[in-house]
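# Secondary and tertiary structure notes
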Amino acid sequence: MNEFTIVVPDNDVLFCLCGMNDKNLKLIEEHLGVPVFTKGNELSIDNENPEICQKFKFIIDRVIDEIRNADDYSAKDAQDIILTVLNAQKKVDVNQMSILIPGAIKKVYPRTQGQAEYISLLQTKDMVFCTGAAGSGKTFLAVCEALKLILNHKKNKLIITRPVVEAGENLGFLPGDLEDKIDPYLRPLKDAMETVLPVETVKHLFEIGIVEVAPLAYMRGRTLNNCVVILDEAQNTTCSQMKMFLTRMGENTKVFVSGDPSQIDLPKKNNSGLTAAINILYNIEEIGFIGLTANDVVRNNLVKKIVKAYENEKQND
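Okay, so let's go over this structure. If you're wondering where the values come from, they're calculated on a predicted model, not measured in any experiment.

Here the focus is the sheet that holds strand E9 (residues 287-291). The strand order E6-E5-E7-E8-E4-E9 describes an open sheet built from six strands, whose pairing is parallel. With partners counted over all chains shown, the strands left at the sheet margins are strand E6 (211-215) and E9, one partner each. Going from strand to strand, the sheet's axes swing by 15° on average, the running direction of each strand aside. Across the sheet, helix H9 (residues 239-246) is in contact with strand E4 (127-131), strand E5 (157-162), strand E7 (227-231) and strand E8 (254-259); its angle to E8 comes to roughly 155°. Helix H10 (residues 273-281) rests against E4, E8 and E9 of the sheet, and its axis sits at about 125° to E4.

Turning our attention to the pattern of salt bridges. Side chains carrying opposite charge are able to pair once their charged atoms draw close together. This structure, assessed with the given rule, holds 11 salt bridges. Among the salt bridges present, the one from Asp-65 reaches Lys-107, with a minimum N-O distance of 3.9 Å. With Asp-65 in helix H3 (residues 50-68) and Lys-107 in the loop between helix H4 (75-89) and helix H5 (113-124), the pair connects residues that are 42 residues apart, well separated along the chain. Close ionic contact of Asp-232 with Arg-162 constitutes a salt bridge, the shortest N to O distance being 4.0 Å. Here Arg-162 lies in strand E5 and Asp-232 lies in the loop between E7 and H9, a separation of 70 residues in the sequence. Given a relative accessible area of 8%, Arg-162 falls into the buried group.

Running from amino to carboxyl end, helix H2 (residues 23-32) crosses H4 at an angle of 10°, the nearest separation of the two axes being 9 Å. With respect to H4, the element H2 is oriented roughly parallel. When H2 is examined against H4, the residues Lys-23, Asn-24, Leu-27, Ile-28 and His-31 are found in contact with a partner set consisting of Ala-75, Ala-78, Gln-79, Ile-82, Leu-83, Leu-86 and Gln-89. For the contact of H2 with H4, a count of residues per class yields seven nonpolar, four polar and one charged.

Counted by the stated rule, this structure contains four aromatic pairs. Considering the side-chain rings of Phe-4 and Phe-56, the 6.3 Å spacing of their centres and the 75° angle between planes classify their relative orientation as edge-to-face. On the criterion of sequence distance, the pair formed by Phe-4 in strand E1 (residues 3-7) and Phe-56 in helix H3 is long-range, its members being 52 residues apart. Assessed through its relative accessible area of 0%, Phe-56 is described here as buried. Seen from their ring centres, Phe-129 and Phe-289 are 5.4 Å apart, and the 15° between their planes marks the pair as stacked. Here Phe-289 lies in strand E9 and Phe-129 lies in strand E4, a separation of 160 residues in the sequence.

Two elements in contact, H2 and H3, have axes separated by 11 Å at closest approach and are oriented at 155°. The orientation of H2 relative to H3 falls into the category roughly antiparallel. Relative to H3, the crossing made by H2 is right-handed. Residue-level contacts link Ile-28, His-31 and Leu-32 of H2 to Ile-52, Lys-55, Phe-56, Ile-59 and Ile-60 of H3. Looking at the contact of H2 with H3, its residues break down into six nonpolar, one polar and one charged.

On to a nonpolar patch on the surface. A contiguous nonpolar patch, built from Leu-302, Ile-306 and Tyr-310 and spanning about 360 Å² of accessible area, is present on the exposed surface. Note that Ile-306 resides in helix H11 (residues 301-316). On the accessibility criterion, Ile-306 (42% relative accessible area) is partly exposed.

Moving on, we get to the sheet that holds strand E2 (residues 36-39). A sheet is described by the order of its strands in space; here three strands give the open sequence E1-E3-E2, paired in antiparallel fashion. Sheet topology places E1 and E2 at the edges, where each strand pairs with a single neighbour. Within this sheet the neighbouring strands show an average axis-to-axis angle of 25°, counted without direction.

Criteria and cut-off values
- In every chain, residue numbers begin from 1 and rise along the written sequence.
- Per-residue local features of the predicted model are confined to residues with pLDDT of at least 70, and side-chain atom pairs are confined, for both listing and counting, to 80 or more; whole-chain, interface and lining totals are unaffected and use all residues.
- Excluded from the side-chain calculations are hydrogens and water; all other atoms, namely the structure's heavy atoms, are used.
- Pairing between strands is defined by DSSP: at least two bridges between them are needed.
- Secondary structure counts use DSSP, requiring at least four H or I residues in a row for a helix and at least two E residues in a row for a strand, with both numbered from the N terminus.
- Lines fitted to the C-alpha atoms define the axes, with helices restricted to the stretch that makes contact. Angles between their N-to-C directions range from 0 to 180 degrees.
- Contacts are assigned to residue pairs with any non-hydrogen atoms lying within 4.5 Å of each other.
- A pair is scored as a salt bridge if a Lys or Arg side-chain nitrogen falls within 4 Å of a carboxyl oxygen belonging to Asp or Glu.
- Type-normalised accessible area, obtained with a 1.4 Å probe on protein chains alone, sets the label of each residue: buried when under 20%, exposed when over 50%, and partly exposed for intermediate values.
- What sets the label is the angle itself: under 35 degrees gives roughly parallel, over 145 gives roughly antiparallel, 65 to 115 gives roughly perpendicular, and the rest give oblique.
- Think of it as three bins: nonpolar holds Ala, Val, Leu, Ile, Met, Phe, Trp, Tyr, Cys and Pro, charged holds Asp, Glu, Lys and Arg, and polar takes everything else, Gly as well.
- Aromatic contacts are taken between Phe, Tyr and Trp rings whose centres are within 6.5 Å, Trp giving its six-membered ring; a plane angle under 30 degrees counts as stacked, one over 60 as edge-to-face, and the others as tilted.
- By convention the crossing between two helices is left-handed if the near helix lies anticlockwise of the far one by an angle smaller than a right angle, and right-handed if it lies clockwise.
- Patch membership requires more than 30% relative accessible area and the absence of a salt bridge. Residues of like charge join within 9 Å; the nonpolar side chains Val, Leu, Ile, Met, Phe, Trp and Tyr join within 5 Å.
- All accessible-area figures derive from a Shrake-Rupley calculation using a 1.4 Å probe, and residue coverage is judged against the displayed protein chains alone.

If you want it as structure tokens, here you go:
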């Protein structure tokens, strides 16, 4: 027999992974088309196909990683992870279903099919537009992919920006210098970074200028080469601002644009640059587009229900 074996050292983790009466393992068997054997704390498949072995290893490693990073886990939680991975593997290459950041506290995995497809776009396209509700992962996953690129030395710099005119307020109403003024707007991006990297590492990246934050207006006149640029809350850009931003893209640069069209804070006389850009650019093959939904929300389950309720209300209007 040409067995491929994975050792699961923790019995509680092994129980969650296998499920009651090996229900979870049966899901994996059906997906891979090969039987999964258990012996003590070992899981094995009798197969020497590298692709099958790689998929099997990815599934098991992912469940183990997530269980170890959680305070409380059950066989049902493990089953949900397995189903997410199995669904994603049908459409997305297994190698594009995780983000491994050098020096990170943990690996970053997609929690839904939509998130898996989003990661695939981030890794294969130089420009990606992602729309979605709060908690769907649109900003978090873009930040993680950007960190991976700069810490692997594939890009020299990460520039994160955001329109700062929201709900009738602007920078002039905030106290302090420029850094103090823009920090509240960019705090969610810093929070995302500190979720996957030690706080001191994040602080160091800002101090040495590898990560730069700036209001969108400060992008005018620049050519951004060999970097990753993230435009967050893009629904609050005007059409002229969006065009200005997109044309800053220089050589060897990736641009990630995210926003929620249901939360536009622009004056009513202004159209959203995000929705306009998607309509104008949608047929350009080199640009990736994805819309995440309530099904991709991974915050408190109540948030998912709230988002779905608003989506239903919009459809009924």
